[in-house]
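Residue-level structural notes
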Amino acid sequence: MNFRPLHDRVVVRRLEEDERTSGGIIIPDTAKEKPMQGQVLAVGAGGRDDSGKLVPLDVKAGDTIIFGKWSGTEVKIEGEDLLIMKESDIMGIVEKSGKKSRKAA
């Protein structure tokens, strides 16, 4: 990619959600909501604190993240629809683990 975000901005590719429900019903495009999960493609150098010191970002390229439904600005870079958002719009990083999660009782 020939694009580098500035400051505390992050470039994200939305991850596509499954087109079928668990019961096998196909969801039409008109009924789908935009995914709120994505993969970080590029990050800026970081923001500045009150004293002017550079504060690096917590996310890095390759991270899978969850963000708000209306977060970011949609852009087209090299023919691909992407999002540019501030790190503060990111709610969290999805960490992959080999363990199965247990349901709370």
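Residues numbered from 1 in each chain as written. Predicted model: local features only at pLDDT ≥ 70, side-chain atom pairs only at ≥ 80, totals over all residues. Heavy atoms only, no water.

Here we take up the sheet that holds strand β2 (residues 37-43). The strand order β6-β7-β1-β2-β5-β8 describes an open sheet built from six strands, whose pairing is antiparallel. If you trace the sheet from one side to the other, it starts and ends with β6 (73-77) and β8 (90-94), each paired once. Between one strand axis and the next, the sheet turns by 45 degrees as a mean value, whatever way the strands run. With four bridges connecting them, strand β5 (residues 64-67) and β8 associate as antiparallel partners. Each bridged residue has a counterpart across the sheet, and for Thr64 the counterpart in β8 is Val94. (Pairing = 2+ DSSP bridges. Helix = DSSP H or I, 4+ residues; strand = E, 2+ residues; numbered from the N terminus. Axes fitted to C-alpha atoms, helices over the stretch in contact; angles between N-to-C directions.)

What follows concerns unusual backbone geometry. A positive phi angle is found at His7, which is not glycine, with a value near 55 degrees. Positioned with a positive phi, Glu78 is a non-glycine residue whose angle comes to about 50 degrees. Residue placement: Glu78 occurs in the loop between β6 and β7 (80-86). Using a relative accessible area of 57% as the deciding quantity, one classes Glu78 as exposed. (Buried < 20%, exposed > 50% of the residue type's maximum accessible area, 1.4 Å probe, protein only.)

Shape descriptors only; they carry no functional weight alone.
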